[in-house]
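Observations on the model geometry
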Amino acid sequence: MASNPENLNFLDLACLFKIEKDTTLERFGSVINASVFDAANITGSLKQKGLIDFTAYYPGPNSIVITEAGTKLKADADAKSAESLDNLDEEILRQMSGGKRYPTELQSTLNVRSKDLAFRIYKLFKQNFLSYELKNGNVELMLTEQGFLKAKPVIQAVQVPKPQPKQQMQAMGHQAAPQQAQTAAQQPGNNTQDAEQMVKEIKLHGKPRRGLWIGIVVVIVVAAAAYYLYAAGMLPAI
């Protein structure tokens with residue numbers, strides 16, 4: 001008795017889509033790029049899940065036929081592949097951009113049912129966000145350019161001012177100097193007040209010095225006149 005196809009994985013789905021009307025059991029390994037042993041395991045798994053059936057004539061050839069359950073599964077996958085992307089689909093792309101390449105790795109990380117993950121991967125494949133390759137009885141996933149751009153969030157670049165050349169900085173300094181002088185010239189009130197204050201300080205400090213020198217000169221002249229008169233005998237001795 002066939003098992004429930006609910007435990008389907010993406011490898012089963014990808015191999016199911018590879019089966020054509022003229023596909024034989026003996027040539028199935030070359031169709032899915034697998035050895036005879038791996039192809040036998042995959043066809044046995046698909047038959048056990050009730051997705052395919054095949055004859056067992058010796059020496060062959062033996063034809064492979066997709067069952068009603070397999071046909072319905074393909075129709076469901078095609079229908080879901082036309083839906084728009086949601087958060088889970090974008091998370092699958094982000095996980096792949098981080099290095100996940102196999103459906104088993106994605107299932108382990110996301111903890112999603114294998115059948116649901118298979119439909120999601122097929123949808124991303126049909127909408128050109130990823131591609132896959134069947135090889136050695138396994139399936140490897142790869143992002144397309146569109147999928148990579150979808151997985152990476154858009155980061156707005158911060159505008160950083162470029163360092164200005166030395167000559168340009170000097171030119172700016174020369175331009176700033178006349179502006180400062182012009183600004184100072186536009187304030188006559190302040191300059192006049194400063195000049196008047198300086199004159200007052202000079203006069204304030206200048207008067208005591210001038211009086212001091214005059215006093216010294218007067219003392220010297222008086223002393224010299226007294227000595228001259230004393231020497232001439234015009235002044236009595238003290």
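Conventions we followed
- Sequence positions are assigned chain by chain, starting from 1 and proceeding in written order.
- For a predicted model such as this one, the threshold for reporting local features is a pLDDT of at least 70, and the threshold for listing and counting side-chain atom pairs is 80 or more; totals across whole chains, interfaces and linings nevertheless cover every residue.
- The side-chain quantities take in all heavy atoms of the structure and omit both hydrogens and water.
- In the sections that follow, a salt bridge refers to a side-chain nitrogen of Lys or Arg positioned within 4 Å of a carboxyl oxygen of Asp or Glu.
- Where helices and strands are cited, they refer to DSSP runs of H or I of at least four residues and of E of at least two residues respectively, numbered from the N terminus.
- Stacked, tilted and edge-to-face pairs are distinguished by plane angle, under 30 degrees for stacked and over 60 for edge-to-face with tilted covering the rest, among Phe, Tyr and Trp rings (Trp via its six-membered ring) whose centres lie within 6.5 Å.
- Whether a charge lies above a ring is judged from NZ of Lys or CZ of Arg, which has to be within 6 Å of the ring centre and within 35 degrees of the ring normal.
- Here an axis means a line fitted to C-alpha atoms, over the contact stretch when the element is a helix, while the angle between two N-to-C directions is reported on a 0 to 180 degree scale.
- Oblique is the label for any angle not covered by the other classes, which are roughly parallel (under 35 degrees), roughly antiparallel (over 145) and roughly perpendicular (65 to 115).
- Note on contacts: a residue pair qualifies if any of its non-hydrogen atoms lie within 4.5 Å across the two residues.
- Any residue outside Ala, Val, Leu, Ile, Met, Phe, Trp, Tyr, Cys, Pro, Asp, Glu, Lys and Arg is labelled polar, Gly included; the first ten of those are nonpolar and the last four are charged.
- Burial classes follow relative accessibility: with a 1.4 Å probe on protein chains only, a residue under 20% of its type's maximum area counts as buried, one over 50% as exposed, and anything between as partly exposed.
- Throughout, the arc means the angular range of directions from the helix axis out to the C-beta atoms.

A separate point is the pattern of salt bridges. The full count for this structure, using the stated rule, is 11 salt bridges. A salt bridge links Glu-140 to Arg-101; the nearest nitrogen and oxygen atoms lie 2.9 Å apart. Placement of the pair is Glu-140 in strand S4 (residues 138-143) and Arg-101 in the loop between helix H5 (87-97) and helix H6 (103-110), with a sequence separation of 39 residues. Connected through salt bridges with shared partners, the residues Asp-86, Asp-89, Arg-120 and Lys-123 form a single ionic network.

A word on the packing of aromatic side chains. Enumeration over the complete set of coordinates arrives at four aromatic pairs. Arranged with centres 4.7 Å apart and planes meeting at 15°, the rings of Phe-17 and Tyr-122 form a pair that is stacked. Linking Phe-17 in helix H1 (residues 10-18) with Tyr-122 in helix H7 (residues 114-126), this pair joins segments that are 105 residues apart in sequence. Here the aromatic residues Phe-10, Phe-17, Tyr-122, Phe-125 and Tyr-132 are joined through ring pairs into a cluster of three or more. Cation over ring: Lys-47 sits above Phe-54, and NZ or CZ is 5.2 Å from the ring centre.

Moving on to the packing of H1 against helix H3 (residues 36-48). Axis separation between H1 and H3 bottoms out at 11 Å; the angle between their running directions is 95°. The angle between H1 and H3 places the two elements in the roughly perpendicular class. Listed contacts from H3 to Leu-11, Asp-12 and Cys-15 of H1 are Ile-42, Ser-45 and Leu-46. For the contact of H1 with H3, a count of residues per class yields four nonpolar, one polar and one charged.

The subject of this paragraph is H6. Since one α-helical turn is 3.6 residues long, residues separated by three or four positions face the same way. Buried within H6 we find Pro-103, Leu-106 and Leu-110. Mapping the buried residues of H6 onto a view down its axis gives an arc of 60°, with all of them on the same face. Within H6, the exposed residues directed more than 90 degrees away from the buried face are Thr-104 and Ser-108. Residues of H6 that are buried in the fold lie against H1, H5, H7 and S4. Positive backbone phi, approximately 60°, marks Asn-111, located one or two places after H6.

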